[in-house]
Amino acid sequence: MHIAIIMDGNGRWATRRGRARTVGHREGAKAVRKIVESARRLEIDILTLYAFSSNNWGRPRSEVDALLHLLQRYLISETRRCAAQSIRIKVIGRRDRLSRSLMRTIEQTEEATASCNRLNLRIAVDYSARQSIAAAAQILQRSPDNDQAAFSNALGCAIHSANGSPSVDLLIRTGGEKRLSDFLLWECAYAELSFTDCLWPDFDETAFEAALEDYRHRNRRFGRLAAGAV
Ligand code: IPE
Ligand code: IPE
Ligand code: MG
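(A) Local environment of the site of ligand 2. The local shell around ligand 2 consists of I6, M7, D8, Y50, A51, F52, S53, N56, R59, R173, R179 and S181. At 2.8 Å, a side-chain N or O of R179 approaches an oxygen atom of ligand 2. Between ligand 2 and S181, the relevant distance is 2.6 Å, taken from an oxygen atom to a side-chain nitrogen or oxygen of the residue. No other element matches strand β2 (residues 46–53), which puts four residues into the shell around ligand 2. Taken together, the residues of the shell around ligand 2 break down into five nonpolar, three polar and four charged.

(B) Structural detail: the nonpolar core. Within the largest apolar cluster, 38 residues are counted, with the highest numbers of intra-cluster contacts made by I3, I5, V36, L47, L121 and F208. Residue contributions to this core peak at seven residues, all from helix α3 (residues 61–84). Apart from the residues within four sequence positions on either side, L121 is in contact with V36, L47, L49, Y74, I87, R88, I89 and K90. Listed in part, the 14 residues of the second largest apolar core include I159, F183, C188 and A191.

(C) Quick look at the pairing of β2. Burial analysis of β2 places seven of its eight residues in the buried class, which makes it a mostly covered element. Pairing analysis gives seven bridges linking β2 to strand β4 (residues 119–127), with the strands arranged parallel. By the bridge assignment, F52 is partnered in β4 with V125.

(D) Structural detail: the site of ligand 1. Around ligand 1 there are 13 residues in total, and D8, G11, R12, R21 and R59 lie nearest to it. Taking D8, its side chain carries an N or O atom lying 2.8 Å from an oxygen atom of ligand 1. In the environment of ligand 1, an oxygen atom lies 2.9 Å from a nitrogen or oxygen atom belonging to the side chain of R21. Contact with the protein chains removes 87% of the 380 Å² of surface that ligand 1 exposes when unbound. Listing elements by their share of the shell around ligand 1, those giving two or more residues are α1 (10–15), α2 (21–41) and α3. Looking at the shell around ligand 1 element by element, the count peaks at three residues for α1. Broken down by class, the residue content of the shell around ligand 1 amounts to three nonpolar, five polar and five charged.

(E) The arrangement of the environment of D126 in detail. Checked against the element boundaries, D126 lands in strand β4. Along the primary structure D126 and D96 are separated by 30 residues, whereas in three dimensions their C-alpha atoms are 9.3 Å apart. A polar contact of 2.7 Å, which involves the side chain of D126, links it to the side chain of S54.

Reading the values: the criteria
Residues numbered from 1 in each chain as written. Chains lettered and ligands numbered in written order. Predicted model: local features only at pLDDT ≥ 70, side-chain atom pairs only at ≥ 80, totals over all residues. Heavy atoms only, no water. Near = heavy atom within 4 Å. Polar contact = N/O pair within 3.5 Å; in protein donor to acceptor, adjacent residues only side chain to side chain. Helix = DSSP H or I, 4+ residues; strand = E, 2+ residues; numbered from the N terminus. Nonpolar A, V, L, I, M, F, W, Y, C, P; charged D, E, K, R; others polar. Core = buried A, V, L, I, M, F, W, Y, C linked by side-chain atoms within 4.5 Å. Buried < 20%, exposed > 50% of the residue type's maximum accessible area, 1.4 Å probe, protein only. Contact = heavy atoms within 4.5 Å. Pairing = 2+ DSSP bridges. Areas by Shrake-Rupley, 256 points an atom, 1.4 Å probe, with all protein chains shown as cover.

Taken by themselves, the reported measurements are silent on function.
In structure tokens:
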């Protein structure tokens, strides 16, 4: 089971309280901790979280710095806890525009949790699905294989994902918008979609379980007929 989450609504959460947007991002990081723990407890195999999109570079410098700083602090503080709980952390996306210091932290976190196998936590940073698809196409140009499996692998390589590009079963977006914002376009080909108005800092275990419960009642046909229809 692969769940992907577009964690949206931090800024509005803070603005509604008359606080700076970065306060919302800090609260958002707390929600991440809780949801990761829930995912492990619920025995989800893969959880992919959209933390920073390539388009988010277009935000004011101060907000970008705050977001990337928060991410680094999250990785530093969670590495030991995740390793103890056998949660493997991988950061997916582009790496060439991140600071050296953040890169080092990412590498240390990935190394420290590399042998963990309870939950595969993928955090998307400087991520753009379109860019990754274009990069995968370039990788494939140099390869004799051009089937879907080869493309999937190339896509994994393009975003530093060790396990290729696994299909998403359930995509959740908080914050009320109903769009994908350039997230996992290939992997979401047959994903079930769940949109909620709940702002990310308010998204708790109960809301997560409600989304999963709703998913369990979906009829996933993949173009075929429902069981018992003929
Ligand atoms: C999501 O919250 C966090 C990131 C995009 C990094 P936003 O910052 O987009 O919050 P809103 O959508 O402005 O409320
Ligand atoms: C998507 O949220 C990116 C992340 C959650 C990291 P945005 O707030 O950046 O998306 P748009 O601008 O509403 O599409
Ligand atoms: Mg937003």
